[in-house]
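Each chain, written out:
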Amino acid sequence: MIDNVVQSFSAASISSQTSVAISNLSPSAAAAMETLISAVNLEATLAVTIVPTALNDALAAITAEILQIQAEGGQVPPELEALAQELEQIKAASLPSLVASE
C-alpha cells in the first residue's frame with residue numbers, strides 16, 4: 001500500500017491531472033491528502049499503521065467533496081473523479097484477496 005501511494009503521489013510521478021485535482025480541493029480534503037502523502041515518509045513501523053487510515057480518510061474526504069458538488073447540482077471536475085478513482089484503485093490493490101474456506 002505504501003509503495004502504491006508513493007508511486008501515485010511522489011513529486012516525480014504525480015500526473016498533472018492529479019496535481020490539479022489536489023490543488024483545487026477543499027481545505028479538509030487537501031489536509032487529508034497531505035496527511036496521506038506525508039504518512040508514507042514515516043518510519044516503516046509507523047507507516048504500516050497510519051497509511052491505511054490516511055488512505056481511508058483521504059478517500060472519504062474526496063468522496064464527500066464529490067457528493068457535495070453533486071448535491072448542489074454542480075459538475076464534478078474530471079480530475080477530481082480521477083483522483084477518487086486513483087485512491088480507490090490503491091485501496092483495492094492493497095487489500096489481500098479473500099479465500100472462502102470450504
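All figures in this text were calculated on a predicted structure; none of them were measured in a lab.

Undergrad: Any details on the packing of helix 2 (residues 16-23) against helix 5 (residues 78-94)? Residues and values, ideally.
TA: Packing of helix 2 against helix 5 leaves a shortest axis separation of 8 Å and a crossing angle of 105°. As the angle between them shows, helix 2 and helix 5 are arranged roughly perpendicular. Only P78, E79, L80, A82, L83 and E86 of helix 5 make contact with helix 2, whose side of the interface consists of Q17, T18, V20, A21 and I22. Split into classes, the residues belonging to the contact of helix 2 with helix 5 amount to seven nonpolar, two polar and two charged.

Undergrad: Give me a nonpolar patch on the surface: which residues, what numbers.
TA: A surface patch of nonpolar side chains, amounting to about 230 Å² of accessible area, comprises L42, L46 and I50. Of the residues examined, I50 reaches a relative accessible area of 34% and is grouped as partly exposed.

Undergrad: Could you give an account of the packing of helix 3 (residues 27-39) against helix 4 (residues 44-71), naming the residues involved and the relevant values?
TA: Contact pair helix 3 / helix 4: the axes reach a minimum separation of 8 Å and the direction vectors enclose 155°. Comparing the axis directions of helix 3 and helix 4 gives the class roughly antiparallel. For the element pair helix 3 and helix 4, the recorded crossing hand is left-handed. Contacts from A29, A32, M33, T35, L36 and A39 of helix 3 reach helix 4 at A47, I50, V51, A54, L55, D57, A58, A61, I62 and E65. Of the residues in the contact of helix 3 with helix 4, the class split is 13 nonpolar, one polar and two charged.

Undergrad: Lay out the environment of P77 in plain terms, naming residues and giving numbers.
TA: With respect to the helices, strands and loops of the structure, P77 is situated in the loop between helix 4 and helix 5. Along the sequence, P77 and I66 sit eleven residues apart, while their C-alpha atoms lie 8.8 Å from each other.

Criteria and cut-off values
Numbers given for residues are sequential positions, taken from 1 along each chain in its written order. In keeping with the model being predicted, local features are shown solely for residues with a pLDDT of at least 70 and side-chain atom pairs are shown and tallied solely at 80 or more, while totals for entire chains, interfaces and linings include all residues. Based on all heavy atoms of the structure, the side-chain values leave hydrogens and waters out of the count. Throughout, an axis means a line fitted to C-alpha atoms (over the contacting stretch in the case of helices), and angles, computed between N-to-C directions, take values from 0 to 180 degrees. The secondary structure listing takes helices from DSSP runs of H or I that are at least 4 residues long and strands from runs of E that are at least 2 residues long, numbered from the N terminus. Oblique is the label for any angle not under 35 degrees, not over 145, and not in the 65 to 115 range, which are roughly parallel, roughly antiparallel and roughly perpendicular in turn. Here a residue-residue contact requires only that any non-hydrogen atoms of the pair lie within 4.5 Å. Gly is placed with the polar residues, together with every amino acid not listed as nonpolar (Ala, Val, Leu, Ile, Met, Phe, Trp, Tyr, Cys and Pro) or charged (Asp, Glu, Lys and Arg). Each patch is built from salt-bridge-free residues with over 30% relative accessible area, joining like charges within 9 Å and nonpolar side chains (Val, Leu, Ile, Met, Phe, Trp, Tyr) within 5 Å. The accessible surface values rely on the Shrake-Rupley method and a 1.4 Å probe; as for residues, cover is taken only from the protein chains in view. Put simply, a salt bridge is a Lys or Arg side-chain nitrogen that is within 4 Å of an Asp or Glu carboxyl oxygen. Accessibility here uses a 1.4 Å probe with only protein chains present; expressed as a share of the type maximum, an area under 20% marks a residue as buried, one over 50% as exposed, and anything in between as partly exposed. In a left-handed crossing the near helix is turned counterclockwise from the far helix by less than a right angle, and in a right-handed crossing that turn is clockwise.

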